[in-house]
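# Observations on chain architecture
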Amino acid sequence: MRRTLDGRCLICHDPRLHRLAVARHPYAELAKRAPSACCLEDVLASFAAHAYLDIELKVPGLEQSVLESLRQNPPQCGYVVSSFAAEVVLAVHNAGIPAGFICDRKRELARWTSLPCEVLIPNEKLTARSLVDEVHAAGKKIFVWTVNRERRMRTLAQWGVDAIISDDTALLARTLRG
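Residues numbered from 1 in each chain as written. Predicted model: local features only at pLDDT ≥ 70, side-chain atom pairs only at ≥ 80, totals over all residues. Heavy atoms only, no water.

Let's shift gears to the pattern of salt bridges. Counted under the stated rule, the structure contains seven salt bridges. Residue E56 pairs with K58 through a salt bridge whose shortest N-O separation is 3.0 Å. Judged by relative accessible area, which is 21%, E56 ranks as partly exposed. Given the relative accessible area of 23%, K58 is considered partly exposed. We note a salt bridge from D104 to R105, for which the minimum N-O separation is 3.6 Å. Given a relative accessible area of 34%, D104 falls into the partly exposed group. The exposure class of R105 is partly exposed, given its relative accessible area of 44%. One salt-bridge network, in which partners are shared between bridges, spans E124, R149 and R152. (Salt bridge = Lys/Arg side-chain N within 4 Å of Asp/Glu carboxyl O. Buried < 20%, exposed > 50% of the residue type's maximum accessible area, 1.4 Å probe, protein only.)

Next up, the structure:
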């Protein structure tokens, strides 16, 4: 999630949307250019009653806006606010919101033990059975990303990870069904 020029929380992975810098354009302009663009309020209105949500903050500074949106429309099936940024994890946790620490580098992985996070979200390449066991022994959850191979999905499920994040949700559903 990224902040638009007018302070809206736009669901957007990259700093640019259709070649426009998200931070330098108002939401209405971005939505005009990309009709499928949506903000956090739209996602909460559509999914808060039906789905577990992982709300990833790509940049610091969105915490207060996200917290206000969550208070207005709290997810009914659970949620975590996650980030690579330790300062975001701390701010979210200090506000009483479930926090997740995302990690994609081995040298950063050990930080999860000192951060007040409820969920560790490592890249699948960093995930081993010993890590899954260690995270669970600490009373935390582990969500693994981005898993796009059936064999790896089955292995992670056997290890007992709490969630698998995939670009191929159809494969994930077929693999884990039953």
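Under the criterion given, the structure shown has two aromatic pairs. Residues Y52 and F143 carry aromatic rings whose centres are separated by 5.8 Å and whose planes lie at 75° to one another, so their mutual orientation is edge-to-face. Taken together, the residues Y52 in the loop between α2 (40–47) and β5 (53–56) and F143 in strand β9 (residues 141–144) connect sequence positions 91 residues apart. Residue Y52 is classed as partly exposed on the basis of its relative accessible area, which comes to 36%. In this structure, R8 is placed above the aromatic ring of Y27, and the distance from its NZ or CZ to the ring centre is 4.5 Å. (Phe/Tyr/Trp six-rings, centres within 6.5 Å; stacked < 30°, edge-to-face > 60°. Helix = DSSP H or I, 4+ residues; strand = E, 2+ residues; numbered from the N terminus. Lys NZ or Arg CZ within 6 Å of the ring centre and 35° of its normal.)

Every buried residue of helix α3 (residues 63–72) is accounted for by E63, V66, L67, S69 and L70. Projected onto a plane normal to the axis of α3, the buried residues spread over an arc of 165° and lie on a single side. Away from its buried face, by an angle of more than 90 degrees, α3 presents the exposed residues R71 and Q72. Packing partners of the buried residues in α3 comprise β2 (9–10), α2, β5, β6 (79–83) and α4 (86–94). (Arc of directions from axis to C-beta. Contact = heavy atoms within 4.5 Å.)

Let us look at the packing of α2 against α3. The axes of two packed helices give the description: the angle between them and the distance between them. One can describe the packing of α2 onto α3 by two numbers: an axis separation of 10 Å at closest approach and a directional angle of 25°. The angle between α2 and α3 falls in the class roughly parallel. Once α2 is placed against α3, the crossing between them reads as right-handed. Of the residues in α3, those touching α2 at L40, E41 and L44 are V66, S69 and L70. Residues belonging to the contact of α2 with α3 are distributed by class as follows: four nonpolar, one polar and one charged. (Axes fitted to C-alpha atoms, helices over the stretch in contact; angles between N-to-C directions. Parallel < 35°, antiparallel > 145°, perpendicular 65-115°, else oblique. Left-handed = near helix turned anticlockwise from the far one by under 90°. Nonpolar A, V, L, I, M, F, W, Y, C, P; charged D, E, K, R; others polar.)

The subject of this paragraph is the sheet that holds strand β7 (residues 99–103). Taken in spatial order, the six strands make up an open sheet running β5-β6-β7-β8-β9-β10, and their pairing is parallel. Of all strands in the sheet, those bounded by a partner on one side alone are β5 and β10 (163–164). In this structure, β5 lies alongside β6, joined through four bridges in parallel fashion. Bridge pairing links E56 to S82 in β6. (Pairing = 2+ DSSP bridges.)

Right, let's talk about the layout of surface pockets for a bit. Quantified by volume, the largest pocket comes out at close to 640 Å³. Lining the largest pocket are 19 residues, and of these I11, H13, D54, E56 and K58 lie nearest its centre. Here the lining of the largest pocket gets four residues from one element, more than from any other, and that element is β5. Classifying every residue of the lining of the largest pocket by side-chain character gives 12 nonpolar, three polar and four charged. When its volume is computed, the second largest pocket comes out at roughly 180 Å³. In terms of lining residues, the second largest pocket is bounded by Y52, L53, D54, F143, A163, I164 and I165. Per-class residue counts for the lining of the second largest pocket are six nonpolar, no polar and one charged. (1 Å grid on protein atoms, 1.4 Å probe; cavity = no way out; pocket = protein on both sides within 12 Å on 5 of 7 lines; lining within 4 Å. Points joined across faces, edges and corners; volume = space filled by probe spheres on them.)

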